[in-house]
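# Residue-level structural notes
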Amino acid sequence: MRVTVDGVPVDLPEEATLLTAVRAAGLDVPTLCHDDRLTPVGSCRACLVRVDGRVAASCVTPATEGAQVRVEEDDLHRLRHDAVEVIVSALPPYALEGDGELAQVCQELGIEPETAQQGAGRGRDDSHPFVRLDRDLCIACGRCVRMCAEVQGTFALTLTGRGPETVVAPGTGGLWVDSDCVACGGCVDTCPTGAITEPGLPIGTRLSALTSTRTTCGYCGVGCTLDVLTRDGEVAAIRPAREGPVNRGHACVKGRFAHGFLHSPERLTQPLLRRGSGLEPVSWTEALGHIARELRAAVEEAGPDAVAAVSSARATNEENYLIQKFMRVVVGTNNVDNCSRLCHSPSAAGLTATFGLAGGTDSLEDVERADCLLVVGANPIEAHPVVGARLLRQVLHGTRLIVADPRAVGLADHADVHLRPRPGTNVALFNGLAHVLLAEGLIDEDFLSHRATGLPELTAVLDDYPPDQVAAITGVPAADLVAAARLYGHARRPAIVYGLGVTEHLHGTDGVRTLANLAILRGAVGTEGGYGVNPLRGQNNVQGASDMGALPDLLPGYGKVRDPVTRGRAEQIWGTRLPAHDGLRIPDMFAAARSGDLRVLWVVGEDVASTDPDANRVVEALETCPLVVSQELFLSETARHADVVLPAASWLEKDGTFVNFDRRFQRVRPTLVPPGQARTDFAIVHALAAAYGADLGCPTPAEALAECGRVAPVFAGISHERLDREGAIPWPCPDPGRPGESRLYRDRFATTDGLAHLAARDYLPPGESADDDYPLILITGRRWAHYNSGNMTGRSGTIDLDPADRLDVHPADAARLAVRDGDPVVVESRHGQATLPARVTEEVTQGQLFCAFHFPSSGVNALTSGHADTVTSCPEYKVTAVRLCARPDSLR
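Criteria and thresholds
Residues numbered from 1 in each chain as written. Predicted model: local features only at pLDDT ≥ 70, side-chain atom pairs only at ≥ 80, totals over all residues. Heavy atoms only, no water. Helix = DSSP H or I, 4+ residues; strand = E, 2+ residues; numbered from the N terminus. Expected span 1.5 Å × (residues − 1). Buried < 20%, exposed > 50% of the residue type's maximum accessible area, 1.4 Å probe, protein only. Pairing = 2+ DSSP bridges. Axes fitted to C-alpha atoms, helices over the stretch in contact; angles between N-to-C directions. Core = buried A, V, L, I, M, F, W, Y, C linked by side-chain atoms within 4.5 Å. Contact = heavy atoms within 4.5 Å. Salt bridge = Lys/Arg side-chain N within 4 Å of Asp/Glu carboxyl O. Phe/Tyr/Trp six-rings, centres within 6.5 Å; stacked < 30°, edge-to-face > 60°. Lys NZ or Arg CZ within 6 Å of the ring centre and 35° of its normal.

Along the chain, W731 connects to P732 via a cis peptide bond; the corresponding omega equals 5°. On the secondary structure map, P732 appears in the loop between β29 (729–730) and β30 (756–757). One non-glycine residue with positive phi stands out, namely D232, at about 50°. As for its position among the elements, D232 is in the loop between β12 (225–231) and β13 (234–240). Its identity as a non-glycine residue notwithstanding, S873 has a phi of 70°, on the positive side.

Here it is as structure tokens:
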């Protein structure tokens, strides 16, 4: 439609408002109750304009074809001035301090600070570590309430009181810290008056006096774009960027507030070298010299395969690239791996075998266009909160939802169908869903004929998985299985989103492949008929670490080390011959250390003694290996067993890039200088190479990424310069003059024959099952306020929100074992023991337990087994047979 604003014609889309028209004409009006991300309400009356002769609030008035809008008229200026002046007159004098939104509006309208004359009287709520409420500054605009409901989906806030006494309050009553608030910070961002603030930016702060640096979050794999505000060498606050392609101005408690670890007194600030039984501070020269001598001795005496490195999903792409290059070019071994081995290696293997590439098929924007979501083995509300919030918004606006998860958490509360399979029975569940799709004709026969292969073999296997048989294996009622299959099968644009509940199993790769079968049967990948199969990656750069070749069998860009063509290209660029055999995976590294075959183990940014399964055996490997080097922020459990500890920089102190869960490269920029003598991993690898007498080239992260693009053409079109100019770029992107592919396989699949490969896989039982000795099944995972082993969140204010570990126990099991809520209980498996306080809840199914792994002192991973995916060696974290024992006397 066309609208005229003060004589300027503007063209607008349907459903545009007059406020959109005003801004399109290059004008603006104040909007104290308005946020573009929220439903407009028009309560403040500050955005008044005249349309076709009548005065209207522009934020809530629809634009119409041919409308004549007036903005710059004296009487309208007075009306807007008076509306804001009335609001300000009810506020205390300090309301207009600083350069916040209200202060700026008043300055533009000529409203003097003396207008605010109301004295204090309604009080404050400073109970929460990250969110502070000053009720005297609340103008009841409702933006915070709408933000919490419409963007975050928590519904934790409400407006209470009447008339001028109306004020925001936690919906549960009482203190903010005791409410349902998940500390996403959205209410802080949207509040126009400073009624809701954060500790680093109290009312009166002049944002213009702070230094702002745009970077990418270093917590989970969502890849939120953040603006880090610093003053005097410290982080004052972190705010989500409105332009962020994934988060769109939203964040979670970790990315937003969990930065206190930066200045923890426990930060490592100088190298440590083991002398006798203790670690002692030494110079970088001495530490690197010691490593280089031991490294050279190991290679000379036992060969290059006596050395191994665990690279890091917390490190940048450029650092991972440099680490794997060091191992292959300088040491001469493929013994390099990263923590994707422990989480999504079955995704890489399964998606590559099925479709051809080791990444999700579609972008988050594509997934948001789905009319039916199948969310499997994931709890994004807690583990990936920004994605969880976006998916929840879809569901609240009508998208159908199927959740497959043993626990009743997060999105499961909003599901049309919630399937609760027994842990370890995913393949049977997915085969059962596929059986119903085939039996009821809910398949795309044209797609299967022209773009897929393997249907006859799959059909033969699926004959053994009718709903009743699947119900017997999985515990999922046959009627629920059929309902879920029909919901997915009748959808016009279905999408699959999955997490570690699919991959961390003895047959995790089979789980990924049989889940992908559903999308292929429906023709819902690479077409307009759906949005594919999309893994939610756990750590910030777990996708990128693998993309960069920090894997024992794959070079950068997933070229096989055994393939002479891809290996030859790397050899030509790196100028040396490379080993042609696969290296050791992480579990194999530990086994080699225990057997005496591994002489040097270099662990970068991973606390393997806390996060890897069967932790007692991991510690045995660390203690047996002659030289263990730990590169860390803190003296982690792994570092305590190391012979050399190197102090590393955090994600807020680095330059480079990350790749998020939907394959987007994004820039990481340093906001602070590392403390003391700490260095970036990039600088440490270069220094170690120099101490060894080698030159890795690539003196800067930008040059490292450029070289990676020559080794792996799939990344050739991506550079720091282009990312700085354009923002996020997804791979594949082989051409610097063309955009990356956010949606894969539009024309053909990346398999050798160009077809999607259906997988005919039978259900096989997990590595452990409940029995008379160990009658319960333990599932491990994440909780909302924490991240991995807690090295960062455990030293930030988030620990105050969720200060203790706990074991979730079903009420029936608790009653049978005489366990009460809060009781400390001993959990025993065939591998170890841990003590945890019980939390009695129906979130878990009878016979199942759940706990997180964020508190190393609990020893949870001493319980988990050495069973691993038969294809990739990914540990079976999701199925451990345990028993609950009597409470220890000391804890009764």
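Glancing now at helix α13 (residues 426–439). Taking 1.5 Å of rise per residue, 14 residues should cover 20 Å, and α13 covers 20 Å from first to last C-alpha, within 8% of that figure. Most of α13 is tucked away, with twelve of its 14 residues classed as buried. Among all positions in α13, only N426, V427, A428, L429, F430, N431, G432, L433, A434, H435, V436 and L437 are buried.

Spatially, the six strands close up into a barrel ordered β31-β35-β32-β34-β33-β36, and their pairing is mixed. Put simply, the sheet's adjacent strands are angled 45° from each other on average, direction ignored. Pairing of strand β32 (residues 807–809) with strand β34 (residues 833–840) involves three bridges; the strand directions are parallel. Within β34, the position partnered with V809 by the bridge is V840.

Before going further, it helps to examine the nonpolar core. Membership of the largest hydrophobic core comes to 61 residues, with the highest contact counts inside it found for F326, W602 and F665. The residues contacting F326, other than those within four sequence positions of it, are L295, V331, W602, V685, L688, A689 and L696. L351, V512, L518 and V533 belong to the second-largest nonpolar core, a separate cluster that totals 53 residues.

The next point concerns the pattern of salt bridges. On inspection of all chains with the given rule, the structure shows 59 salt bridges. Of the charged contacts, one joins D36 and R23 as a salt bridge, the two residues approaching to 2.9 Å between their closest N and O atoms. Taken together, the residues span a long stretch of sequence, with D36 in the loop between α1 (18–24) and β3 (48–51) and R23 in helix α1 at a distance of 13 residues. Residue D36 is classed as exposed on the basis of its relative accessible area of 53%. Residue classification places R23 among the partly exposed positions, given a relative accessible area of 33%. Measuring nitrogen to oxygen at the nearest pair gives 3.3 Å for the salt bridge that ties D510 to R761. Note that D510 is positioned in helix α19 (residues 508–521) and R761 in the loop between β30 and β31 (776–781), a separation of 251 residues in sequence. In this structure D510 comes out as buried when scored by relative accessible area, which is 13%. Residues participating in the shared-partner salt-bridge network are D6, R50, R70, E73 and D75.

Time to look at the pairing of strand β36 (residues 880–885). In this structure, β31 lies alongside β36, joined through three bridges in antiparallel fashion. Bridging from a neighbouring strand, L776 pairs with V882 of β36. As paired elements, strand β33 (residues 824–829) and β36 share four bridges and run antiparallel to each other. Bridge pairing links V827 to L884 in β36.

For the rest of this paragraph, the subject is the packing of aromatic side chains. All told, the structure shown has twelve aromatic pairs when counted by the stated rule. Note on Y219 and W651: the rings are 6.1 Å apart at their centroids and 70° apart in plane angle, and the pair reads as edge-to-face. Here the residue Y219 occupies a position in the loop between β11 (211–216) and β12, and W651 occupies one in the loop between β26 (644–647) and β27 (656–659), the gap between them amounting to 432 residues. Overall, W651 belongs to the buried group, its relative accessible area being 4%. Each member of the aromatic cluster is reached from another via a ring pair, and the members are F355, F447, Y745 and F749. Positioned over the ring face of F850 is R407, at 3.5 Å from the centre of the ring. One cation-aromatic arrangement involves R795 over F634; the distance from NZ or CZ to the ring centre is 4.0 Å.

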